[in-house]
Amino acid sequence: MTAAGGARLVGRMRCGPEVSKFSSRNHSRATGQLKLKYDAVIVGGGHNGLVAAAYLQKSGVNTVVLERRHVIGGAAVTEEIIPGFKFSRASYLLSLLRPQIYKDLELKKHGLKVYFRDPHSFTPILEQGVGGKPPRSLLLGCDMAENQRNIAKFSQKDAKAFPEYEDFMNRLVFAIDPLLDAAPLDAAAMTQGSLRQRLHAFSALRPLLKAGLILGSQSSQAYEVLTAPISKILNHWFESEPLKGTLATDAVIGAMNCPDTPGSGYVLLHHVMGELEGKKGSWGYVEGGMGGVSQAIANAAAAHGAEIFTDKPVDHVLVNSDGKVEGVMLEDGTEVKSKLVLSNASPHHTFLKLTPQKWLPEDFTKRISKFDTKSPVTKINVAVDKLPNFLAAPNTSDGRPLPHHQTSIHLNAEDMHCLTIAFEDAQKGIPSSRPMIELCIPSVLDPTLAPRGCHVISLFTQYTPYNLAGGKVWDDHERNAYADRVFDCIEQYAPGFKASVIGRDILTPPDLERIFGLTGGNIFHGSMSLDQLYFGRPAPGYSNYRTPVQGLYLCGSGTHPGGGVMGASGRNASVVALKYLKHL
């Protein structure tokens with residue numbers, strides 16, 4: 001049987017009682033008819049679009065969300081691809097969601113429940129155990145003393161340095177954190193705008209100055225983290241490869257780079273700046289899958305009166321003769337008029353497909369077309385009838401989950417060189433021979449995701465190029481050949497894994513693009529390289545969510561502060577759009 005995205009479902013149901021009827025829809029669509037006029041239209045029901053809708057509607061702006069798929073959430077979605085198994089089909093972990101959004105939209109009240117993970121990271125090592133003991137592994141969590149004991153198995157020096165490293169990284173995060181919740185500095189407005197625009201632009205300097213004051217004498221070290229290869233940073237702090245390899249995965253995840261790539265340090269920083277319910281650095285699984293985040297935000301928006309429709313693909317943005325937005329045209333020919341349009345779609349899709357080209361400056365269009373969206377990611381969702389049994393941490397006889405089963409399990413990542421070799425394969429147009437694998441089993445903490453005795457497994461793998469060498473394409477043969485390679489790797493760490501597989505859903509970069517609208521398959525809507533951050537995201541002069549078309553705003557991950565389930569882009573864009581609406 002073949003599912004959307006070329007996924008191959010294999011085997012038969014082998015666990016638990018009778019499973020529920022197939023269903024992958026979220027029931028958050030508006031109950032009434034789509035009206036033909038609103039104050040604001042949100043193109044795309046991803047989490048950022050839903051956040052923008054909630055804030056606009058809360059401010060009294062009559063808002064509608066138009067989602068092209070049958071289910072809201074964009075990449076933060078839950079789908080029951082295999083009957084009885086609920087998958088976080090693209091995004092799979094929560095931490096980066098901004099605390100202010102969590103509070104303002106009362107997301108707990110609207111149904112968001114998170115299972116915290118502790119420990120949070122497990123790296124088994126491929127080696128022969130000594131004296132009949134199992135191979136070594138590195139387990140990291142919230143207990144610093146326990147972390148040091150585990151790191152000391154590989155290096156006493158690193159165990160001693162680890163708390164200082166954590167303090168340094170946390171200081172960096174504390175400095176950068178305020179920059180996430182406001183539009184970037186508008187350099188053009190500082191020199192060319194009206195007096196009011198100049199004053200407002202200068203006010204954006206405050207978070208930058210505050211960041212500098214927080215860092216103080218460590219500013220030069222912070223600059224190095226942002227610009228240097230993460231291999232240089234980690235080699236400065238540590239000597240043991242399992243620790244460096246584990247930490248380096250957060251510097252390359254979702255990015256077509258390797259630990260030796262300059263600027264990879266920021267991607268690491270981006271992944272350590274999260275928190276959940278006031279717990280800094282915490283990551284967790286959302287009950288019911290990542291669609292639960294989107295559903296809670298949608299519930300908040302709807303509670304204020306926003307309307308949300310699925311199966312409503314937008315064909316193009318309507319622009320009047322004065323170059324101002326006047327709504328959108330749906331693919332079925334329906335015109336929906338509005339004063340504001342906020343696009344949750346990627347910059348490529350928004351400006352190269354949805355916006356009439358005559359209203360976009362040629363240089364702007366050229367820059368958007370060059371916006372780097374290369375992606376290394378193939379996501380594989382797997383249904384299994386038992387937990388993986390790792391050689392480095394064998395299961396107990398009763399088969400119950402152990403602490404490491406709740407973590408992000410890093411495979412083929414026990415040293416940084418493994419990651420570099422995997423990256424070099426993809427640079428040649430070849431899927432990695434030993435892919436980097438982040439394996440998560442959310443059903444260990446959330447029993448709602450799978451039938452009793454069974455589990456859902458998320459495999460976030462890289463590196464897989466969008467375009468394959470030798471004229472090959474990502475057809476079913478190539479998808480399954482790559483998935484088989486991934487499964488063979490897991491089998492080395494956890495013998496018996498392949499025999500436990502009931503079904504799988506394989507999403508290569510072209511599949512992620514086609515299904516979720518992620519240009520290039522990039523989970524961040526575009527590379528998080530230094531030239532594509534802050535006032536370079538998505539293009540210089542247009543980093544403040546505004547576009548060349550009056551009344552058209554970008555509110556997705558292709559804007560500052562970038563990707564991840566943060567909601568910051570949606571909230572920040574709504575604030576800027578509200579100011580425009582008030583001055584109409």
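In what follows, the structure referred to is the one given above.
So, how was this worked out
Residues numbered from 1 in each chain as written. Predicted model: local features only at pLDDT ≥ 70, side-chain atom pairs only at ≥ 80, totals over all residues. Heavy atoms only, no water. Helix = DSSP H or I, 4+ residues; strand = E, 2+ residues; numbered from the N terminus. Areas by Shrake-Rupley, 256 points an atom, 1.4 Å probe, with all protein chains shown as cover. 1 Å grid on protein atoms, 1.4 Å probe; cavity = no way out; pocket = protein on both sides within 12 Å on 5 of 7 lines; lining within 4 Å. Points joined across faces, edges and corners; volume = space filled by probe spheres on them. Axes fitted to C-alpha atoms, helices over the stretch in contact; angles between N-to-C directions. Parallel < 35°, antiparallel > 145°, perpendicular 65-115°, else oblique. Contact = heavy atoms within 4.5 Å. Nonpolar A, V, L, I, M, F, W, Y, C, P; charged D, E, K, R; others polar. Buried < 20%, exposed > 50% of the residue type's maximum accessible area, 1.4 Å probe, protein only. Pairing = 2+ DSSP bridges. Left-handed = near helix turned anticlockwise from the far one by under 90°. Polar contact = N/O pair within 3.5 Å; in protein donor to acceptor, adjacent residues only side chain to side chain. Core = buried A, V, L, I, M, F, W, Y, C linked by side-chain atoms within 4.5 Å.

(A) Quick peek at the overall build of the chain. Helix and strand counts for the chain stand at 19 helices and 23 strands. Just so you have it, the chain exposes about 23,300 Å², and 53% of that area is on carbon and sulfur atoms.

(B) Seen up close, empty space enclosed by the protein. Here the structure, examined in full by the defined rule, presents two cavities of 30 Å³ or more. What the largest cavity holds in volume is close to 110 Å³. Every residue lining the largest cavity is counted, 13 residues in all, and those nearest its centre are Phe87, Ser88, Pro442, Leu449 and Val456. Among the secondary structure elements, those contributing two or more residues to the lining of the largest cavity are strand S6 (85–88), strand S12 (284–286) and strand S21 (455–462).

(C) Region of the structure containing the packing of helix H10 (residues 241–252) against helix H11 (residues 264–272). In the contact formed by H10 and H11, the axes pass within 6 Å of each other and the chain directions differ by 95°. In this view, H10 runs roughly perpendicular relative to H11, as classed from their interaxial angle. Contact with H10, carried on its side by Leu247, Asp250 and Ala251, involves Ser264, Val267, Leu268 and His271 of H11 and no other residues of that element. Partitioning the contact of H10 with H11 into residue classes produces four nonpolar, two polar and one charged.

(D) Examining the side chain of threonine 249 more closely. One can find threonine 249 in helix H10. Note on threonine 249: relative accessible area 1%, which makes it buried. Each residue touching threonine 249, except ones within four places of it in the same chain, is listed here: His410, Ala413, Leu419 and Met436.

(E) The pairing of strand S22 (residues 501–507), seen in detail. Of all seven residues that make up S22, seven are buried, and the element is covered over most of its length. Direction of pairing for strand S18 (residues 377–384) relative to S22: antiparallel, over a ladder of six bridges. Bridge pairing in S22 places valine 384 opposite valine 501.

(F) Molecular detail of the packing of helix H13 (residues 347–354) against helix H14 (residues 362–370). Two elements in contact, H13 and H14, have axes separated by 9 Å at closest approach and are oriented at 135°. Between H13 and H14, the angle is such that the two are oblique. For H13 against H14, the interelement crossing comes out left-handed. Between H13 and H14, the residues in contact are Pro347, His348, Phe351 and Leu352 and Phe364, Thr365, Ile368 and Ser369, respectively.

(G) Up close: the side chain of asparagine 147. Following the sequence through the fold, asparagine 147 ends up in helix H3 (residues 144–152). For asparagine 147, a relative accessible area of 4% translates into the label buried. A polar atom in the side chain of asparagine 147 sits 2.8 Å from the backbone nitrogen of glycine 141. For asparagine 147, the contacting residues outside a window of four places in its chain are Leu139, Leu140, Gly141 and Phe162.

(H) View of the nonpolar core. One finds Tyr165, Leu172, Leu234, Phe238, Leu243, Tyr463 and Phe516 to be the most contacted residues of the largest nonpolar core, which totals 69 residues. Sorting elements by how many residues they give to this core places helix H4 (residues 156–176) first, with ten residues. For leucine 172, the contacting residues outside a window of four places in its chain are Leu215, Ala222, Val225 and Leu269.

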